[in-house]
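Topology and contacts: notes
Each chain, written out:
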Amino acid sequence: MANLKDDTRGQWILLSGLTIAISLVTVAVLLNQAAVTGYYSSNAALEFPKEQIRDLTTQTRETAQSATLLAYQLNQSSNLSVPTIITTLLENYSMQTSILYASHGETVDIRVSNVSMNTSNTTIVDSIWMNISYYDGNTFYSSEPEIIEVNA
Amino acid sequence: MIPLHQDERAVSITMGYIMFSAIFIAFFVIVLMSADEILVDRPSSVVMENEFSDIGNMMATTLTDMYLIAPDNGRIDTSYTIPITIAGEYYAINADTATTDQIIEIVSSSSDRTVSVTISGIASTMAINGTALSSSQIHRISYDSRK
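Here's a quick rundown of the structure. (Residues numbered from 1 in each chain as written. Chains lettered and ligands numbered in written order. Predicted model: local features only at pLDDT ≥ 70, side-chain atom pairs only at ≥ 80, totals over all residues. Heavy atoms only, no water.)

In this model, A:Glu144 is joined to A:Pro145 through a cis peptide bond whose omega is 0 degrees. Topologically, A:Pro145 is positioned in strand S3 (residues 139–149). One non-glycine residue with positive phi stands out, namely B:Ala87, at about 50 degrees. Mapped onto the elements of the fold, B:Ala87 is located in the loop between strand S1 (74–81) and strand S2 (91–94). (Helix = DSSP H or I, 4+ residues; strand = E, 2+ residues; numbered from the N terminus.)

In structure tokens form, the structure reads like this:
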């Protein structure tokens, strides 16, 4: 057997090894570039919390509607006025929603700013004005006031 | 006369070597001269085109999302991140013509490359303006119903 230095057989193995090494490096470089491009192109649009904010306002609107109906019923057997009961119910809703959103790392603040009564029939609530604000570190949303018609 | 395939006159190893060397050197010089165009310019222009339209689409998507949830009385503030350079060039996101042309332009500051993205007509109901330069990474979009 020829010694290590003089043994010149195995040219094809050497050549194929070199080819594979170069193509691996090329593929690695291409993949790196693809990963960077993918990160930058889509992050911000995906991060925008459209659904969270939409859910928040929709849920607040629904809750205000049902709180009003519930307040009319509770008013029959209580000394408290309808606006007071609505405010109490919505404060409860606000507290629970804040806790739910806080578990996703989002700050939510919902307050009743005004309960507006019907001018001709002052026992009926026309609309509820609510201050909604949302913040997740990137996006701040506030609707002050969100005017919710509850006179069905 | 010697048969053609056995006639080895006029064949010189040295001459062949020089001729082949010359051909290879010429080939190498041509490749070297166009290497910049093939390996750098064309890929970077493709990358720029793609990334510019990516950023334009990102802006258009975010603006449309904001438009969809915009409150009647209130405001929205959101931040977004963009790369400082694309293919080694600084650029600007320009929404100044958005209200009239319904487009956002991404303009490179060193070459004259421009990519325009449409914003699906929302600018006619919600005025959009502003310019963002890529020299800082974080930018904000604000909406205020009172302004």
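Structure shown, so let's carry the discussion forward.
We now examine the packing of helix H2 (residues 50–76) of chain A against helix H3 (residues 82–102) of chain A. Residues and elements named next belong to chain A. Contact pair H2 / H3: the axes reach a minimum separation of 9 Å and the direction vectors enclose 145 degrees. Of the two possible hands of crossing, H2 and H3 adopt the one that is right-handed. Residues of the contact of H2 with H3, tallied by class, amount to 14 nonpolar, 7 polar and 1 charged. (Axes fitted to C-alpha atoms, helices over the stretch in contact; angles between N-to-C directions. Left-handed = near helix turned anticlockwise from the far one by under 90°. Nonpolar A, V, L, I, M, F, W, Y, C, P; charged D, E, K, R; others polar.)

Between chain B and chain A, the residue contacts involve 23 residues of the former and 19 residues of the latter. Both faces combined, the contact of chain B with chain A buries some 1900 Å², and carbon together with sulfur accounts for 54% of it. By the criterion of area lost to chain A, the three top residues of chain B are B:Ile69, B:Asn73 and B:Arg75, representing 26% of everything that side buries. For the pair chain B and chain A, the interface holds 1 salt bridge. With its nearest N and O atoms 3.6 Å apart, the salt bridge here joins B:Asp65 to A:Lys50. Remark: the boundary between chain B and chain A carries 7 residue pairs in polar contact (both at pLDDT 80 or more). Contributing elements (two or more residues each) for the side of chain B that touches chain A: helix H1 (13–69) and S1 of chain B. Top element by residues in the side of chain B that touches chain A is H1(B). It accounts for 9 residues. Counted by class, the side of chain B that touches chain A contains 8 nonpolar, 8 polar and 7 charged residues. (Contact = heavy atoms within 4.5 Å. Buried area = accessible area lost by both parts, 1.4 Å probe. Salt bridge = Lys/Arg side-chain N within 4 Å of Asp/Glu carboxyl O. Polar contact = N/O pair within 3.5 Å; in protein donor to acceptor, adjacent residues only side chain to side chain.)

For the rest of this paragraph, the subject is H1(B). Across its 57 residues, H1(B) extends 80 Å between first and last C-alpha, which sits within 8% of the 84 Å expected from 1.5 Å per residue. At B:Ser34, H1(B) is deflected by roughly 50 degrees, the largest bend along its length. (Expected span 1.5 Å × (residues − 1). Bend = angle between axes of the 7 residues up to and from the residue.)

The subject of this paragraph is the layout of surface pockets. Residues and elements named next belong to chain B. Its boundaries defined by the atoms lining it, the largest pocket holds a volume of some 520 Å³. Leu 63, Ile 128, Asn 129, Ile 141 and Ser 142 are, among the 22 residues lining the largest pocket, the residues nearest its centre. For the lining of the largest pocket, the secondary structure elements donating two or more residues are H1, S2, strand S5 (131–133) and strand S6 (138–144). In terms of residues, the lining of the largest pocket owes the most to one element, S6, which gives 6 residues. Of the residues assigned to the lining of the largest pocket, the class counts are 13 nonpolar, 6 polar and 3 charged. (1 Å grid on protein atoms, 1.4 Å probe; cavity = no way out; pocket = protein on both sides within 12 Å on 5 of 7 lines; lining within 4 Å. Points joined across faces, edges and corners; volume = space filled by probe spheres on them.)

Under the counting rule described, the total for this entry stands at 7 salt bridges over all chains. Across the salt bridge formed by A:Asp109 and A:Arg111, the nearest N and O atoms sit 3.0 Å from each other. B:Glu49 is paired through a salt bridge with B:Arg113; the nearest N and O atoms lie 3.8 Å apart. With B:Glu49 in helix H1 and B:Arg113 in the loop between strand S3 (103–108) and strand S4 (114–118), this pair connects stretches of sequence that are 64 residues apart. A single salt-bridge network, built from bridges that share partners, covers B:Arg75, B:Asp77 and B:Arg140.

No statement about biological role is implied by the geometric values presented.
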